Amino acid sequence: MLILLACLQAALALLAAPLVSGSARWMRAKFQTRKGPPILQDYYDIIKLFKRQDLHTRDSSFIHKLMPALFFGTMMLIFMGVPVITRFSPVTVLADVILLLYLLVLPRFFFALAAIDSGSSYAGVGGIRELLLGVLVEPAMMLALFVTILATGSTNMGEMGMAIGSFATETPVAVALAGVAFACACYIELGKLPFDLAEAEQELQDGPLSEYSGPSLALVKMSMSMKQIIVLSWFVAIFVPFGSALELSLPALALGLGVYLLKMAGLFFVCTIIENVVARVRLSLLGHQTWAVVGIAAMALVLSILGV
Amino acid sequence: MTMELLLFSIALSLAGAFSSLVLRRFETAAKFTATLFGASAALLALGAGFLGIFGLPDTLSFATPFSFASLSLLINPLSGLLIVVINLLALVAWLYGIGYLREYTGKGIGVLGLFMNLFIASMNLVVAADNVFWFLIFFEIMSLASYFLVIFDQKKASIKAGFLYLIMAHVGFFLIMIAFFVMSTFTGSFDFASFRETDFGKSAASLVFVLCFLGFGIKAGMVPLHSWLPKAHPAAPSHVSALMSGAMIKIGIFGILKVGLELLAGSGVELWWGIIVLIMGACSAVLGIAYALAESDIKRLLAYCSVENIGIIFMGVGITFVGVALQMPVIATLGLLAALFHLVNHALFKGLLFLGTGAVIHRTHTRDMGKLGGLVRTMPLTAFCFLIGSLAIAAVPPLNGFASEWFTFQSLISAALASSGIIKAVAAFALVALAITGGLAVLCFVKAFGVSFLGTARSEAAFKATEVPLSMKLPLVLLAVCCVCMGVGAPWVVPVVEGIAASVLIAPGIEAAAGMTLVNPDVGGAISTPLVAVLIVALVALPFLLRAVLARGRQATDSTKEPWACGYVPNTEMPMIAASFAAPAHMFLKPVYVVQAFLAAQQSTFHRLFKSTVKSAEKIEPLPDRYLVDSVTNFTTWLGRKAQAIEGGNVRVYLTYIILALIVLLIITALVGVGGAL
């Protein structure tokens, strides 16, 4: 039953991925008072891309060909462990927050390598920026998670959500503040404006993906949307678990799914609004934002040690 | 049985050393005898190590004419583990040397065989020694043998690096010696066995611990005593670098564990020891990897990464001391498990990376990453093994680096959950440091692998490189397989390491692995590396399978085109090189990296606090160099110059120095021995 649920979750992420990117495009067009593409445009794009020829550059190696599948596979794997419809995780041994943080490193590692592998220096620059962003975001994420772990006594996402969902944490103020820091870190991790440095179009022309085409490009695009879903689901599972199913009965699951979809739609809506009202941050100033987030998380830690 | 195997292995090493010296005029013969003896010695010692881990502790004692110098050896699970690590690397290094040493033909391979055999034998003996006098003697032989290996290629830079190493090794030696002498004045005996039962009192125990922490910390390459490591390790031939970075610096860790947990067991552990070790570990980890990132010499990059990994191991060690001091055996065992597991894993992937680098150097004769590139096509197997090593050291699941770092994280979290404010704050600091380290390690190894092996070849040598011979491939594959197995098979390896940790702490065992999962029994966190591995393979295969089915009859993959590169024609100035990574990283991480860009712009108190920390860190970084290293170096250089005026030859001065050091040591020990007897 739980295995089924895990596979269902992964399938959900897979099917919803183009919708996430498509609706973001649609909303962006509305903000700019353009007619814009239909919401389902990204489905059409991906289907079309899958029919195209797969091109790789002359100098590229197996890494360039492996990366899209690896990115895709890792995202599916991660999504199997995140509590989505239920409060607990379908696969407990995949729901450890440290494991998740490090599982995100695997595609990032290959993402940057593939960019360098393509032999195009523009792609390479984008790849390095992607890694840098990781370096700058991880301390904030880790610190925010640490405060939450201290308050909930567990490193398992499901159990952390349980504790927060039943208001059973020892230091509610600290956890709330950690939640804010974590939300900021998640937003940076989404790779949306103002933090879309890796894909900054004007400078780098689609960044690390500039040498991808056809089915490979389709896979990477889907995986990137899946990553956005994962990052937000992660935040939801730990800090806003309210409404998710506590048992494996059909009505509870249906309600859980409905609430989850609502929460995600709301979050994506907010994210898209933010994305459309800000300008891209200059790379050299990125440190300001990320260290401010670390500052918030550090504040949460101080509160947590003080016991509030 | 255990001890007999070890002694037999030592005898073989000595025979190898001797025959290699005798045959030094016939280099091929010298190489093969040294390798044959050395490899069989390593095999025997491996057996001894495994027996030490799984069997009962074994001791052996020879009486000597001097009462203070009775040669006693002890193999318990901890020394067994170290012996396994040392000899596994020794075995692959010997095998690797068969092909690798062709480059050194005519440069004295016989002498190399002599020192390498001595080096490995002395490492085994240091780990097994159970008497102060012999421990120091073997420690000194180990330092000297490795010194001669560092200066082996006789280039100016290596001789300079070797000299710095020699000085630092002796500063460390001196500190350790004082610590041991302090202990022996209490017990009146030079046997470690007598130390174990003695209560030295709070202040003496702390003094001994601090001295040993600094002394062994130098050997381990801990920040801020690391300056010798990135100079000395790259100077040696690559398989020796692998041994030094993989095995020798672990003896520093071993020493701290042995002194803190075994020899001072009678006096009890202080909480602040653990906190200091933890903080130093965190600093070593971040600074080590930050400096590694700035390197464009691939061997120096790897050497700095050793500083980083020593820092990660120290974090586990720190938690162990905290756990022991606060009488929380579960947390202490968890911390020690993390430290020992990472110790083994680091030996495996660092050995792999150094040997892989050696293969590249063997074919291209350059260590500058700017002159490499595109090797993935010409040296595919080396590239693949190097990739595995890079993934492992960057702690990517499900490989071994991740498994041990997970335990480090978990032990930090457990310690923080179980204790008060100060430990919580220190643990948070260490956690953030570990997170930054993880991020930077990814950047660093994407750089190391990407710039050296991917893209286009940037020099004639890299373009014409060919795959290395079988004798060099085999060690690479062996270590790569070990890295994968220790990660995916972690649930089966961890109970063994946990058993060693529990035996060191004389604590009841903990349930750190259950079935296919790794467990933190204190908090209840669980992961399953085998499951991750299986699922990743399956889920990555899925899109390939789907495409194979769906793409039938469509156009095949084409990989003959130039990169599009936004419409520009790519030229040789454009590809990603080492500096492309260093520049943006430098932008954020200047000068102890990370914080500075933020600090410069902000003015509030919170930021000023950060600023002063960075400033003082900046100031402190060169301090040990200026006062500790330079003053000693200057003094010894001055002494050397004086001696040179009398003697003339450089080597003779060194030899005089060594003999003098040994004589002084003998006199001091004899005096203390007499003093003790009186």
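Each value, and the rule that gives it
- Residues numbered from 1 in each chain as written.
- Chains lettered and ligands numbered in written order.
- Predicted model: local features only at pLDDT ≥ 70, side-chain atom pairs only at ≥ 80, totals over all residues.
- Heavy atoms only, no water.
- Axes fitted to C-alpha atoms, helices over the stretch in contact; angles between N-to-C directions.
- Helix = DSSP H or I, 4+ residues; strand = E, 2+ residues; numbered from the N terminus.
- Parallel < 35°, antiparallel > 145°, perpendicular 65-115°, else oblique.
- Left-handed = near helix turned anticlockwise from the far one by under 90°.
- Contact = heavy atoms within 4.5 Å.
- Nonpolar A, V, L, I, M, F, W, Y, C, P; charged D, E, K, R; others polar.
- Buried area = accessible area lost by both parts, 1.4 Å probe.
- Salt bridge = Lys/Arg side-chain N within 4 Å of Asp/Glu carboxyl O.
- Polar contact = N/O pair within 3.5 Å; in protein donor to acceptor, adjacent residues only side chain to side chain.
- Buried < 20%, exposed > 50% of the residue type's maximum accessible area, 1.4 Å probe, protein only.
- Expected span 1.5 Å × (residues − 1).
- Pairing = 2+ DSSP bridges.
- Core = buried A, V, L, I, M, F, W, Y, C linked by side-chain atoms within 4.5 Å.
- Phe/Tyr/Trp six-rings, centres within 6.5 Å; stacked < 30°, edge-to-face > 60°.
- Lys NZ or Arg CZ within 6 Å of the ring centre and 35° of its normal.
- Patch = residues over 30% accessible without salt bridge, like charges linked within 9 Å, V, L, I, M, F, W, Y side chains within 5 Å.
- Areas by Shrake-Rupley, 256 points an atom, 1.4 Å probe, with all protein chains shown as cover.

1. As for the packing of helix α6 (residues 156-187) of chain B against helix α10 (residues 238-263) of chain B
Residues and elements named next belong to chain B.
Next, step 1: α10 packs onto α6 with a crossing angle of 15 degrees between their chain directions and a minimal axis gap of 13 Å. Viewed along their axes, α6 and α10 adopt a mutual orientation that is roughly parallel. For the crossing formed where α6 meets α10, the hand is left-handed. Contacts from Tyr165, Phe180 and Met183 of α6 reach α10 at Met244, Met248, Val259 and Leu263.
Next, step 2: Taken together, the residues of the contact of α6 with α10 sort by class into seven nonpolar, no polar and no charged.

2. Some details on the packing of helix α5 (residues 132-150) of chain B against α6(B)
For any two helices packed against each other, one specifies the crossing angle of their axes together with the interaxial distance.
Residue and element names in this part refer to chain B.
Next, step 1: Closest axis-to-axis distance for the α5/α6 pair is 9 Å, and the angle between their directions is 175 degrees. Taken together, the axes of α5 and α6 are roughly antiparallel relative to one another. Along its contact with α5, which presents Val132, Phe135, Leu136, Phe139, Glu140, Ser143, Leu144, Ser146, Tyr147 and Val150, the element α6 presents Ser158, Gly162, Phe163, Tyr165, Leu166, Ala169, His170, Phe173, Ile176, Met177, Phe180 and Phe181.
Next, step 2: Across the contact of α5 with α6, the residue classes break down as 16 nonpolar, five polar and one charged.

3. Digging into the interface of chain B and chain A
Next, step 1: With 85 residues of chain B at the interface, the matching set in chain A holds 79 residues.
Next, step 2: For the pair chain B and chain A, the summed buried area comes to about 7300 Å², and 80% of that belongs to carbon and sulfur atoms.
Next, step 3: Counting across the interface, chain B meets chain A through zero salt bridges.
Next, step 4: Run the count over chain B and chain A and you get five residue pairs in polar contact (both at pLDDT 80 or more).
Next, step 5: Residue contributions to the side of chain B that touches chain A peak at 19 residues, all from helix α17 (residues 421-453) of chain B.
Next, step 6: Taken together, the residues that form the side of chain B that touches chain A break down as 60 nonpolar, 17 polar and eight charged.

4. Things to note about the pattern of salt bridges
All names here are of chain B.
Next, step 1: In this structure the tally under the stated criterion is 16 salt bridges over all chains.
Next, step 2: With a shortest N-O distance of 3.2 Å, Arg300 and Glu295 are connected by a salt bridge.
Next, step 3: With a relative accessible area of 14%, Glu295 lands in the buried category.
Next, step 4: In this structure, Lys464 engages Glu460 in a salt bridge whose closest nitrogen and oxygen atoms are separated by 3.0 Å. Here Lys464 pairs with Glu460, and both are found in helix α18 (residues 460-464), just four residues apart, close to one helical turn.

5. Details of α5(B)
Every α-helix winds through 3.6 residues per turn, so residues three or four apart in the chain are directed the same way.
All names here are of chain B.
Next, step 1: Between its terminal C-alpha atoms α5 stretches 27 Å, which fits the 27 Å expected from 19 residues at 1.5 Å a residue.
Next, step 2: Of all 19 residues in α5, 18 are buried, a share of seventy percent or more.
Next, step 3: The backbone nitrogen of Phe133 lies 2.8 Å from a side-chain oxygen of the residue at the head of α5, namely Asn131.

6. Structural notes on the pairing of strand β2 (residues 71-75) of chain B
Residues and elements named next belong to chain B.
Next, step 1: Burial runs high along β2: five of the five residues are buried.
Next, step 2: Neither face of β2 is exposed, since Leu71, Leu73 and Ile75 on one face and Ser72 and Leu74 on the opposite face are all buried.
Next, step 3: With five bridges joining them, strand β1 (residues 58-62) and β2 adopt antiparallel strand pairing. When the bridges of β2 are listed, Ser61 appears paired with Ser72.

7. Describing the sheet that holds strand β4 (residues 517-519) of chain B
In a beta sheet, neighbouring strands pair by backbone hydrogen bonds and run either parallel or antiparallel.
Residues and elements named next belong to chain B.
Next, step 1: Taken together, the three strands give an open sheet; going across it, the order is β3-β4-β5, and neighbouring strands pair in antiparallel fashion. At either end of the open sheet lies a strand with only one pairing partner, and these are β3 (513-514) and β5 (526-527).
Next, step 2: Helix α16 (residues 400-418) rests against β4 and β5 of the sheet, and its axis sits at about 25 degrees to β4.
Next, step 3: Of the strands in this sheet, β3 and β4 are in contact with helix α20 (residues 490-505), which crosses β4 at around 40 degrees.

8. Re the nonpolar core
Next, step 1: Counting residues in each nonpolar core, the largest one holds 360 residues, and the members touching the most others are A:Phe109 and A:Trp234.
Next, step 2: Top element by residues in this core is α17(B). It accounts for 22 residues.
Next, step 3: If we ignore the near neighbours within four places in the chain, the residues touching A:Trp234 are A:Val82, A:Val97, A:Leu100, A:Leu101, A:Leu104, A:Met141, A:Leu145, A:Met157 and A:Phe182.

9. Some words on the packing of aromatic side chains
Between two aromatic rings, the relevant description is the distance of the centres plus the angle of the planes.
Next, step 1: This structure, assessed with the given rule, holds 42 aromatic pairs over all chains.
Next, step 2: Both rings, one in A:Phe62 and one in B:Phe384, keep their centres 6.2 Å apart while their planes meet at 55 degrees; by these two values the pair is tilted. On the criterion of chain membership, the pair formed by A:Phe62 in helix α3 (residues 62-81) and B:Phe384 in helix α15 (residues 380-393) is interchain, its members lying in two chains.
Next, step 3: Using a relative accessible area of 34% as the deciding quantity, one classes A:Phe62 as partly exposed.
Next, step 4: Ring geometry for B:Phe135 and B:Phe180: centres 5.5 Å apart, planes at 85 degrees, overall edge-to-face. Here B:Phe135, found in helix α5, pairs with B:Phe180, found in helix α6; they are 45 residues apart in sequence, far enough to count as distant.
Next, step 5: A relative accessible area of 1% places B:Phe135 in the buried class.
Next, step 6: Taken together through their ring pairs, the aromatic side chains of B:Phe135, B:Phe139, B:Phe173, B:Phe180, B:Phe186, B:Phe192, B:Phe195, B:Phe200 and B:Phe216 make up a single cluster.
Next, step 7: Its guanidinium or amino end placed over the ring of B:Phe139, B:Lys219 lies 5.3 Å from that ring's centre, counting from NZ or CZ.

10. Re a nonpolar patch on the surface
All names here are of chain A.
Next, step 1: A cluster of nonpolar residues, Phe31, Phe269, Val270, Ile273, Ile274, Val277 and Val278, forms a patch on the protein surface that exposes about 560 Å² of accessible area.
Next, step 2: Within the element layout of this structure, Val270 appears in helix α11 (residues 250-277).
Next, step 3: For Val270, a relative accessible area of 44% corresponds to the partly exposed category.

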